[in-house]
Amino acid sequence: MKALSVRQPWAWAIIYALKNVENRGWPIHYRGDILIHAAKTCTKKEYQLAREFCQGMGVVIPELISLRRGQVIGVVTIVDCKFSQIASGWGMPLQYHWQLENPREITPIPYIGRLGIFEVPDDLVMEVAA
């Protein structure tokens, strides 16, 4: 199954806080379900900036130490992708806004993420989905 690695706390926000836009510098033409992998890396400064942004959206995120990292944590459906020059909701300016719907939590799967879209073996996903 296709997967995307997202830094925390953004990965958490996609699955648990209805973050319905993923900001990327490149477009995606794929439509459908994709695994959300919580990246291992997250600096305290990145976390603090994200925390402040989320608070502005009315979302209180968990403490950094309690966020899962280096694991697949959920599934979301990509339904559209559009470039935007302006900020809107979760969307940042001058980014491709991947429109996300139907976030679902799964039993976490330890996995090493990669840049871009990558594949996670179906048998690993089926074990936690069963």
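Use the structure listed above.
Since the model is a prediction, treat every value here as computed from it, not as a measurement. (Residues numbered from 1 in each chain as written. Predicted model: local features only at pLDDT ≥ 70, side-chain atom pairs only at ≥ 80, totals over all residues. Heavy atoms only, no water.)

## Quick word on the sheet that holds strand E5 (residues 95-110)
To keep things clear, this is the line we draw: By definition, two strands form a pair when at least two bridges between them are found by DSSP. We count a stretch as a helix when DSSP gives it H or I for four or more residues in a row; a strand needs E for two or more, and each element gets its number in order from the N terminus. Axes, fitted as lines to C-alpha atoms, cover a helix only where it is in contact. Angles between the N-to-C directions of the axes lie from 0 to 180 degrees.
An order of E2-E5-E4-E3-E1-E6 is seen for the six strands of this open sheet, with the pairing classed as mixed. The two strands at the open ends of the sheet, each matched to only one other strand, are strand E2 (21-24) and strand E6 (117-119). Taking the axes of each pair of neighbouring strands and ignoring which way they run, one obtains an average angle of 45° across the sheet. Pairing of strand E1 (residues 2-6) with E6 involves three bridges; the strand directions are antiparallel. Within the sheet, the bridge partner assigned to Lys2 lies in E6 and is Glu119.

## Here we look at the layout of surface pockets
Operational definition: In this analysis a 1.4 Å probe is tested at points of a 1 Å grid over the protein atoms alone, and where it fits but cannot get out there is a cavity; an open set with protein on both sides within 12 Å along at least five of seven lines is a pocket; lining residues have an atom within 4 Å of a point. Grid points are joined across faces, edges and corners, and a volume is the space filled by probe spheres set on the points. Gly is put with the polar residues, along with every residue not named as nonpolar or charged; the nonpolar set is Ala, Val, Leu, Ile, Met, Phe, Trp, Tyr, Cys and Pro, and the charged set is Asp, Glu, Lys and Arg.
Put simply, the largest pocket is a space of about 290 Å³. Lining the largest pocket are 15 residues, with Val6, Arg7, Trp10, Glu22 and Asn23 positioned closest to its centre. Contributing elements (two or more residues each) for the lining of the largest pocket: E1, E2 and helix H2 (44-56). Looking at side-chain class alone, the lining of the largest pocket contains seven nonpolar, three polar and five charged residues. In this structure, the second largest pocket occupies an estimated 240 Å³ of space. Residue lining of the second largest pocket: 14 residues in total, with Ser5, His37, Ala39, Gly113 and Arg114 positioned closest to the centre. Class assignment for the residues of the lining of the second largest pocket results in five nonpolar, five polar and four charged.

## Thoughts on the pattern of salt bridges
We apply this condition: Here, a salt bridge means any Lys or Arg side-chain nitrogen found within 4 Å of an Asp or Glu carboxyl oxygen. Exposure is judged per residue with a 1.4 Å probe applied to protein chains only, and the accessible area is read against the type maximum: over 50% gives exposed, under 20% gives buried, and values in between give partly exposed.
The tally for this structure, following the rule as stated, stands at eight salt bridges. Arg104 is the partner of Asp33 in a salt bridge, and the nearest nitrogen-oxygen pair spans 2.8 Å. Separated by 71 residues along the polypeptide, Asp33 in strand E3 (residues 32-38) and Arg104 in strand E5 bring together distant segments of the chain. For Arg104, a relative accessible area of 26% puts it in the partly exposed group.

## Describing the side chain of His97
The line we're drawing: Any pair of residues with heavy atoms lying within 4.5 Å of one another is described as a contacting pair.
Locating His97 in the fold gives a position in strand E5. By relative accessible area, His97 is classed as buried at 6%. Leave out the neighbours within four places in its chain, and His97 touches Val21, Glu22, Asn23, Asp80, Cys81, Lys82, Ser84, Ile86, Gly91 and Met92.

Distances and angles like these do not, on their own, reveal function.
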